[in-house]
Structure formats: C-alpha cells, structure tokens
Amino acid sequence: MIHPVIMAGGTGSRLWPLSRQLNPKQFLKLTDDHLSMLQLTVARLDGMESADPLLICNEDHRFLAAEQMRQAGYKDARIILEPCGRNTAPAIALAALQLAKATDDSADDPLMLVLAADHLIQDVAAFQQGIQKAIPLARQGKLVTFGIVPSHAETGYGYIKQGKELEDRSYGVDRFVEKPDLTTAQDYLASGDYLWNSGMFMFGARQYLAELQKHRPEILSVCQAAVEDANEDLHFTRVNEAIFAECPEDSIDYAVMEKTQNAAVVALDAGWSDIGSWSALWDVSEKDANGNSFMGDVIAHDTTSTLARSENRLIATVGVSDLVIIETKDALLVAHKDKVQDVKKIVERLKSDGRNEHINHREVYRPWGVYDSIDSGERYQVKRITVKPGAKLSVQMHHHRAEHWIVVSGTAKVTNGEKTYLVTENQSTFIPVGQVHSLENPGVIDLELIEVQSGSYLGEDDIVRYEDRYGRS
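On a predicted model such as this, the values are computed, not experimentally measured, just so you know.

Attention now goes to the overall build of the protein. Helix and strand counts for the protein stand at 11 helices and 30 strands. Against the 2.2 N^0.38 benchmark of 23 Å for 473 residues, the protein shows a C-alpha radius of gyration of 24 Å, consistent with a compact globule. Burial statistics for the protein: of 473 residues in total, 52% are counted as buried. Accessible area for the protein stands at about 21,600 Å²; split by element, carbon and sulfur atoms hold 46% of it. Side-chain charges in the protein split into 48 positive and 69 negative, and the spacing between the mean points of these groups amounts to 2 Å.

See the structure below:
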C-alpha cells in the first residue's frame, strides 16, 4: 500500500496574474478545462493500490484545498496545515510522523509517495510504471527520487547524475547538481548521465525520519514537538504554530538526499513539467499552425508563437510574436516569452507599493462559496455573492458598514438581530451598522445575491465573528 503525500504549498508568483498568494497555481485549471493541477495530481493515482492522499498545505489555503479534494471524490481528505513555510524537509517530516504514528506495527514502514501538487505529467501510464519500479527499492530502505529523462538542455532545473545501475532504469545517485548554465546543461544532455531533478520521492516514513535524525536532527526534533502538540480541527491537522515557527528552513535535497548513502533514482520519461513559468505552459500547450496557444476570447491576426489567455474580455492581437498575454478581471500581463522568469519582479513591485493584486483575485473563494467585488468607490462597495446549498456565513457584526442584500436567485435565510426570515428572488433586506447578522442558503440550488456595502470603512478585517462552522476567528 502506497501512501501518497501531496505537497500543495507555494505561491507560484511566476504565473501571476493568474496565480495569486491566496489562490496559487496548484489550485488553478492551467492545463485542463475541468481539473486543477491538484486534482490532476490526485487523478493520476487512479488504478494504483494506494491509500487516500494526505495533503500538506498552507493555513490560508485550507478551505480551497478541502473543496477541491471534495470535488475529486475525497469528502474528508486528510490535510496537514503548515502555519508557516519551512521548505520541503520539515513539511515531509510532518507527514512522515503522522503516518508512522498511525501504523501500530513498528516493523511496518509506510511507503510514502511524495508528489508536488503543481506538476504536469502527460503520460500517466509511464508515471505509474515508474512508481512500481520504485516500490522494491523503497522496501529495501532506499530513498528513491524520480529523475526526468531530459528532452533539452534546461537551465531552470537541478540535475541528478546517475550512479551504478541497480535495476531496469533505476540507479544509485552519484551526485545532485544545482541549476547549470547553458553550456553545462548542454554537456549534461550530451553525456546521457544526467536526469532532471523532479522533486518527487518514495521512501518509508520511518526510513526518512531516521535519515533526518542522522543529518538534520534539529529539524526532526522541532517537527516532533509541533506534531505532538497538534490539534485536530474538522479533518485538518493543525500543528503547533509557535513550535513549528522555530524549525530551520531546508529542502529535502539539502537536508537528506545529498547526504544519505541510501539514495536511488528511477528514470522517468512521462511528459513531465513543473509549469514554472508562462513559457513552460506554452511549451506543453496545444498550438495552432502558427504556434499560438489561445484560451478564452482571443482574435489574432498575423500572430505567431504567442500564448494568450482571456478570463473575461476579448484579447485582440495584430502583428506580434513570442508574447505572453494574460487577462484577468483586475490585471493584464504582456510579456516576451524569453523574459517571463521576471514576472516575479512585478509581484515584488506590487508588494513594495502596498498593492493587493498579488494577494487575491477580484473573485474570492470562501468555504461557503465565492464573492466577486464588482465595483467600489468612496464609502461604497458592490459584491456579487454565491452561497452553496446548505452553506452558512458566520454570525457576525460590522462596526463601520451597513449592508443591503438583493437576492438574484435562490432563497436566503437571514438572521438580522433578533429576527430570522426568508428572502427570495427580487426581494431585498437591510443590515444596519453594528447589527449581529448571518446569511444561509437553506435550498438545494446556489443562492446568488448582490451586496451593497456603505460606510466609513469597508475592509474585510471589519468583521467580528461570534459563531462560525468553519472554525474561523
């Protein structure tokens, strides 16, 4: 039995403006019209003898991750929440500790299959065959990584030099290599001895913890203390924030894989990409006869080798080539394909300027549904709110704003002070400043309404919650 551990942290800043801090690339539908990157990662496990996936994600993404797992068929997905990012070695240690604790027999070492939630793998059959090759190696106590057979001289990935062949397309590890310059990458490709470092692994949970104890005991001790003082909240495991914050930051490569004597690598040729930039997405996308990849409402004339993605408005191009054009409700990116690695510098500028376009989209997901900030101005803001069937917003109060609700479709159950009543299509209600209130969808279809906020301060932090079924404070 394999225990998939899916790392769903990270912000994907190089895929701005689609990827945002509170809605990063692993939760986006980048390569599929219907499934997010996380959901595709889960789907490629179908047909394998494996336990339900264990997710590791940021506290801020917990409801987004839970909802996407629910859509993927895992209603009560197990999710470990990282209170702060400490890189991959501590994150994997949290999962290993939980899996080892759940196994009564100390002689039975649960096999962890560690995957990233934001990778593309086009050949699922080849991926699963690689997993099967890794199982006997991991059972022998090897820490197995998956090396990607390189298709070109790539300077954006780390490399693994293959050692002695162990079994069919499985090798010892001679050494790990940092991202090379172009000339060095070309030499690696020509030699045939090097694989791209995919960041995917398989090993026994206890074996990994033993190696971590040997090479980075300070990481293990902090993770153990944080897990021992963890709280179970719904189906989330929330480790102790104060303890985990003291954990040293380190990747699994630096902390363990480059130091262990038990590393092995399985060569994998499965159409892999980490979709680390817009040009990488163009590389793996279907293209027309002119080398263009378009999604959404795009009209092009005399345009070649261009990636254009429209979320809301028409994109029209004339006489351009080698561009990336990404349109969202609140931002537009135009970049040359050769310069897309610098998109993260735009994100850094947004942060330094005190803006919020790097944090979230105009459309924001909540555990109860979604809201879209349609318009705003001095002392007013207009939102379109969608509440899922059976969902309820927190019982709350605002110090500085009043709210007008107009139901567009469905039925709203409104608590307004001491009164509780229904509001149906084309009806409205008013929530005064300082009034304790709540909104619920008692029906079986989505509730859609327009909310008009008015007042001296309209920030999301002007919410005093008295009761919340989702555990928010």
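Next up on the list: the packing of aromatic side chains. In the structure shown here, the tally under the stated rule is 9 aromatic pairs. Plain terms: the ring middles of Phe203 and Tyr208 are 5.0 Å apart, the flat faces sit at 10° to each other, and that makes the pair stacked. Counting every residue linked through ring pairs, the aromatic cluster contains Phe63, Phe236 and Tyr470. Across from the ring centre of Trp282, 4.7 Å away, lies the NZ or CZ of Lys287, which sits over that ring. One Lys or Arg, Lys383, reaches over the ring of Tyr371 and ends 3.9 Å from the middle of that ring.

We now examine the sheet that holds strand β21 (residues 369–377). An order of β20-β21-β22-β29-β24-β27 is seen for the 6 strands of this open sheet, with the pairing classed as antiparallel. Strand pairing shows two members of the sheet lacking a second neighbour, β20 (363–366) and β27 (428–431), which therefore form its edges. Across the sheet, the mean angle separating the axes of adjacent strands is 20° when strand polarity is ignored. Bridge analysis of strand β22 (residues 380–387) against strand β29 (residues 447–455) gives 8 bridges, and the strand direction is antiparallel. Residue pairing for β29: Val382 is matched across the bridge by Val452.

The next point concerns the nonpolar core. Counting residues in each nonpolar core, the largest one holds 45 residues, and the members touching the most others are Met112, Phe203 and Tyr208. No other element matches helix α3 (residues 88–102), which puts 10 residues into this core. Those residues in contact with Tyr208 that lie beyond four places of it in its chain are Ala89, Ile92, Ala93, Ala96, Leu143, Phe203, Ile252 and Val256. Counting 35 residues, the second-largest nonpolar core is a separate cluster that includes Val387, Leu393, Leu439 and Leu449.

Taken as a whole and judged by the stated rule, the model has 22 salt bridges. With a closest N to O distance of 3.4 Å, Glu59 and Arg62 form a salt bridge. The exposure classification of Glu59 matches that of Arg62, with both residues buried. Among the ionic pairs, Asp372 bridges to Lys329, the shortest N-O distance being 2.6 Å. With Asp372 in strand β21 and Lys329 in the loop between β18 (323–327) and β19 (332–336), the pair connects residues that are 43 residues apart, well separated along the chain. Looking at Asp372, the relative accessible area reads 9%, which means it is buried. A network of salt bridges, in which partner residues are shared, links Glu59, Arg62, Asp233 and Arg238.

Right, let's get into the environment of Gly377. Within the secondary structure, Gly377 sits in strand β21. The exposure class of Gly377 is partly exposed, given its relative accessible area of 33%.

The 4 strands lie next to each other as β14-β16-β18-β19, forming an open sheet whose pairing is mixed. Looking at strand neighbours, the two that pair on one side only are β14 (293–295) and β19, the edges of this open sheet. When strand polarity is set aside, the average angle formed by the axes of neighbouring strands in this sheet is 5°. Judged from the 4 bridges that link them, strand β16 (residues 307–310) and β18 form a sheet pairing that is parallel. Across the sheet, the residue bridging to Leu307 is Val324, located in β18.

The next subject is the packing of α3 against helix α6 (residues 205–215). Between α3 and α6, the shortest axis-to-axis distance is 9 Å and the interhelical angle comes to 130°. Here α3 lies oblique to α6, going by the angle between them. In terms of crossing hand, the pair formed by α3 and α6 is left-handed. Contact residues: α3 offers Ala89, Ile92, Ala93, Ala96, Leu97, Leu99 and Ala100, while α6 offers Ala205, Arg206, Tyr208, Leu209 and Leu212. Residues that form the contact of α3 with α6 fall into these classes: 11 nonpolar, no polar and 1 charged.

Attention shifts here to α3. Compared with an ideal rise of 1.5 Å per residue, which puts 15 residues at 21 Å, α3 spans 21 Å between its outermost C-alpha atoms and is within 8% of the ideal. With 11 of 15 residues buried, α3 is to be regarded as a mostly interior element. Within α3, burial applies to Ala89, Pro90, Ala91, Ile92, Ala93, Leu94, Ala95, Ala96, Leu97, Leu99 and Ala100.

It is worth spelling out the pairing of strand β4 (residues 111–116) at this point. For β4, a buried count of 6 out of 6 residues is recorded, marking the element as mostly surrounded by other parts of the structure. Going residue by residue along β4, you find Leu111, Leu113 and Leu115 tucked away on one face and Met112, Val114 and Ala116 tucked away on the opposite face as well. Summarising the sheet, strand β1 (residues 2–7) and β4 pair through 6 bridges and their orientation is parallel. Among the inter-strand pairings, Ile2 is bridged to a residue of β4, identified as Leu111. Sheet topology places β4 next to strand β9 (residues 194–204); 4 bridges connect them, and they run antiparallel.

Another aspect to go through is the environment of Val284. Structurally, Val284 can be placed in helix α10 (residues 278–284). Separated by 162 residues in the primary sequence, Val284 and Gln122 place their C-alpha atoms 9.1 Å from one another. The residues touching Val284, leaving out its near neighbours within four places in the chain, are Leu120, Gln122, Ser273 and Ile275.

Given a rise of 1.5 Å per residue, 12 residues ought to cover 16 Å, and the 16 Å separating the end C-alpha atoms of helix α7 (residues 217–228) matches this to within 8%. By the burial criterion, the buried members of α7 are Ile219, Leu220, Val222, Cys223, Ala226 and Val227. Here the buried residues of α7 occupy an arc of 165° about the axis, which is enough to place them on one side. The inward-facing, buried residues of α7 contact α3, α6 and α8 (241–244).

The rules behind the values
Residues numbered from 1 in each chain as written. Predicted model: local features only at pLDDT ≥ 70, side-chain atom pairs only at ≥ 80, totals over all residues. Heavy atoms only, no water. Helix = DSSP H or I, 4+ residues; strand = E, 2+ residues; numbered from the N terminus. Rg over C-alpha atoms; globule rule 2.2 N^0.38 Å. Buried < 20%, exposed > 50% of the residue type's maximum accessible area, 1.4 Å probe, protein only. Areas by Shrake-Rupley, 256 points an atom, 1.4 Å probe, with all protein chains shown as cover. Lys, Arg positive; Asp, Glu negative; His and termini not counted. Charge placed at Lys NZ, Arg CZ, Asp CG, Glu CD. Phe/Tyr/Trp six-rings, centres within 6.5 Å; stacked < 30°, edge-to-face > 60°. Lys NZ or Arg CZ within 6 Å of the ring centre and 35° of its normal. Pairing = 2+ DSSP bridges. Axes fitted to C-alpha atoms, helices over the stretch in contact; angles between N-to-C directions. Core = buried A, V, L, I, M, F, W, Y, C linked by side-chain atoms within 4.5 Å. Contact = heavy atoms within 4.5 Å. Salt bridge = Lys/Arg side-chain N within 4 Å of Asp/Glu carboxyl O. Parallel < 35°, antiparallel > 145°, perpendicular 65-115°, else oblique. Left-handed = near helix turned anticlockwise from the far one by under 90°. Nonpolar A, V, L, I, M, F, W, Y, C, P; charged D, E, K, R; others polar. Expected span 1.5 Å × (residues − 1). Arc of directions from axis to C-beta.

These results come straight from atomic positions and should not be treated as a statement about function.
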